[in-house]
Each structure stands twice: as C-alpha cells, then as structure tokens.
Amino acid sequence: MRPSSQLLLPAFTALAVFAPSTAAWGMLGHRTVALLASRYLLPETAIWVKGLLPGSQSMVTASTWPDYYAHTPGGRYSAPWHWIDSKDNPPHTCEVNYNRDCHGEEGCIVSAIVNMTARVTDEEISFYERSMALKFIIHFIGDIHQPLHTEDLLRGGNQIFVSWGKQHTNLHHVWDSSIAEKHQGGSAVRHAVGWADTLHSEIESGKYTSNREGWSTCVNPANAEECALIWATESNKWMCDYVLPATYPAGFEGQDLSGHYFQGAVPIVDELVAKAGWRLAGYLNMIVTGKTGLGDAERAETLEAAADEDDVRIASGSSQRVLEWAV
C-alpha cells in the first residue's frame, strides 16, 4: 500500500502525504491518449474543451498536468486519486472491490472520476475549478488503464525491483514509461503523434476495429462509478494475465524486462492506450452532447452539419493538425 494521507477534505481544500510516483504511462502515454481522443471528439465537444482549458493549454498539455500538480505543496491532496489499491492476490486472483480498495475520505481514482465528472459541469463553481476537473478527467482515464494503477501489491509495483537493460528500476516505472518509450523510440511529442496515428489506423481499419463496440459499452458519465470500476477491473486483470508471471515471486525480482517480457507487453500496452483514448473521447462527448460520437454514422452526420467550423476541421483532421491546435 502507498503511504496513507491525511483526512481528505472537500475537493481542492485538502492536504495529504503523497506517493513518490503518481504518473501512469508517463508523458508519452498520456499525450498519446489525449491525441487519440482528439481524433474522436464531436465538434461541440472540441469547442467546449478548447473553451474550458485556460489560455493556450490543450488536451495534450492538460493530460500531464495532474502529475505535476500532485507534486506541489498545494496539490498533494490529489495524489491518492491517481490509483485504486486493489487488495487482491496476483498472479493468482485479480479483482477490484470499491468498498475494500477505495480509501474512504482519502479517495481513489474511481471516486475521483465520479467527483470530477460532477464538477466539470457545475456552473456554481469557478471556471478555474471546472478547468481543473477537466484536466483531471483527461489524465485519470489514462491512469485507470494502466494495470499497476489498480494494484496494491508492494505499492503498485514501486517496490518490485527489476532491471531494464543495464538500468536498475521498478516494475511500476517499467509499465509507466519504459515499455512505451522503447516501443516508440523515444518520449517526445512527435513520438506521441506517431503512436496516436498508428492506433487510430488500427481502430479504423485494423486489429481494433472489432473491439470498438465493446470499448464503447460503458462511457456514460451518468454511470461514472460503474464505468470506472469496469475500466479498473479490466486493467487489473492484466496483473494475473501478464504483468506478474505465474511463478511470482520466484525468480522475478532483479530480472531484465527489456527483452522477451517487453515484446509480450507491447500489444497489451498498445491496446490499453488505444482503449483509453477511445473511451476518453466517448466520455467527453457524452458529457457535452449526450452522444458518444463513436459510431461512424453518428459522427459523420455531426461533422457534416458543422463542416465549415474551424474547430471541426481541427478535431477531425490528422494528429499532426490536431497537434498544431493542441500544443
């Protein structure tokens, strides 16, 4: 379990002790989720997002902001919101139980998604707080699709010490950053653009086309807790199916994961990031329009109706054109 925090007060007023690592997917993964989601925003949603983020900030920059914020004195209260500590028994049994695993008033990623979903549309609170809520949603839907952000074992893998080539690291960091960055050849924005383009192609006409309907079954903000638990449970299942070998803990600690283990992890990471981007778009579309915007006919009809708007052309263009608006 990660270090416990102080009593959680109402959002944006509490202070807490936070874990040293809160990021999931690192900057590369979060940017990729945001860029991919940008490809599926309905026009009205794209305009709403642009209007709710301050200044020149975008979904891409917003996607990494909560990690920085959690490491500031004023934002430490939000650190526990980046995970849910499942007290299961991987690799033998994997499950997420909200009543058992979400730490009451301290909160967890599931309760945070519920809370931020309510706040982002609450016109009784300030623009600043609604903007923060949107940034948290963008980030947390990425986080919840990282298996080790749904697991309590040895602080979500932070204390499972392994190697990555000649580098000593831990299992949490391997899944946050090492696998994705080796897979894409770096961690710069251009790597996120390339990865988002590849995943978009796989969703449109490749290996994920048949997954789209299943990924869309729970993106309704009216059922935020139910959906977040489904997402967390799907991610957590990988703790038993791959993240930890069946023989764990025997022979795992200190092992170099940059070879065969990396190769087996790549398709899992690809799918989780693709699923996160797809669901983020559907979730935001539902908040703004009441439609997922993920069905081909629905999206085509909406885009045609607003074809002359600049924001529409940006939202429906390539990741490179989205990037020109987004960063």
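The structure presented is a predicted model; accordingly, all values stated were derived computationally and were not measured.

Caption draft 1: A look at the environment of W175. Within the secondary structure, W175 sits in helix α8 (residues 171-184). Those residues in contact with W175, other than ones at most four positions away along the chain, are W25, Q146, P147, L148, Y242, V243, Y261, A265, I268 and V269.

Caption draft 2: Focus on the nonpolar core. If you look at the biggest cluster of nonpolar residues, it comprises 88 residues, and the most contacted ones within it are L171, W175 and L284. Ranked by residue count, the leading element in this core is helix α12 (residues 260-289), at 16 residues. Other than its neighbours up to four places away in sequence, L171 contacts L148, G157, I160, V162, V243, L244, F252, L257 and Y261.

Caption draft 3: Just the packing of α8 against α12, in detail. For the pair α8 and α12, interaxial distance at closest approach is 10 Å and the crossing angle is 85°. With respect to their mutual orientation, α8 and α12 come out roughly perpendicular. When α8 is examined against α12, the residues L171, W175, I179, K182 and H183 are found in contact with a partner set consisting of Y261, F262, A265, V266, I268, V269 and D270. For the contact of α8 with α12, a count of residues per class yields nine nonpolar, one polar and two charged.

Caption draft 4: Layout of the packing of aromatic side chains. Counted by the stated rule, this structure contains 16 aromatic pairs. Measuring from ring centre to ring centre gives 5.0 Å for Y242 and Y261, while their planes differ by 40°; the resulting arrangement is tilted. On the criterion of sequence distance, the pair formed by Y242 in helix α11 (residues 224-243) and Y261 in helix α12 is long-range, its members being 19 residues apart. Accessibility expressed as a relative area gives 21% for Y242, which makes it partly exposed. Residue class for Y261 comes out buried when judged on its relative accessible area of 9%. When the centroid spacing of 6.2 Å and the interplanar angle of 55° are considered together, the rings of F252 and Y261 count as tilted. When its relative accessible area of 1% is taken as the criterion, F252 is described as buried.

Caption draft 5: Representation of the confidence of the model for the chain within the structure. Of all residues in the chain, 83% attain a pLDDT of 70 or more, and the chain-wide mean is 88. The model gives residues 1-21 a pLDDT under 50, and that stretch makes 65 contacts with residues more than four places away or in other chains.

Caption draft 6: Spatial organisation of the pattern of salt bridges. Using the criterion set out here, one finds eight salt bridges in the structure. Ionic pairing is found between E204 and R212, a salt bridge with its closest N-O pair at 3.5 Å. Salt bridges here are not isolated pairs; linked through shared partners, they connect E95, R100 and D101.

Caption draft 7: Structural context of helix α6 (residues 109-120). Between its first and last C-alpha, α6 extends 16 Å over twelve residues, near the 16 Å set by a 1.5 Å rise per residue. Burial of α6 is extensive: nine of the twelve residues sit out of reach of the surface. Turning to α6, its buried residues number three or more, namely I109, V110, S111, A112, I113, M116, T117, R119 and V120. Those residues of α6 that are buried are in contact with α2 (43-52), α5 (98-101), α7 (127-143), α11 and α12.

About the criteria used
- Residues numbered from 1 in each chain as written.
- Predicted model: local features only at pLDDT ≥ 70, side-chain atom pairs only at ≥ 80, totals over all residues.
- Heavy atoms only, no water.
- Helix = DSSP H or I, 4+ residues; strand = E, 2+ residues; numbered from the N terminus.
- Contact = heavy atoms within 4.5 Å.
- Core = buried A, V, L, I, M, F, W, Y, C linked by side-chain atoms within 4.5 Å.
- Buried < 20%, exposed > 50% of the residue type's maximum accessible area, 1.4 Å probe, protein only.
- Axes fitted to C-alpha atoms, helices over the stretch in contact; angles between N-to-C directions.
- Parallel < 35°, antiparallel > 145°, perpendicular 65-115°, else oblique.
- Nonpolar A, V, L, I, M, F, W, Y, C, P; charged D, E, K, R; others polar.
- Phe/Tyr/Trp six-rings, centres within 6.5 Å; stacked < 30°, edge-to-face > 60°.
- pLDDT = per-residue confidence, 0-100.
- Salt bridge = Lys/Arg side-chain N within 4 Å of Asp/Glu carboxyl O.
- Expected span 1.5 Å × (residues − 1).

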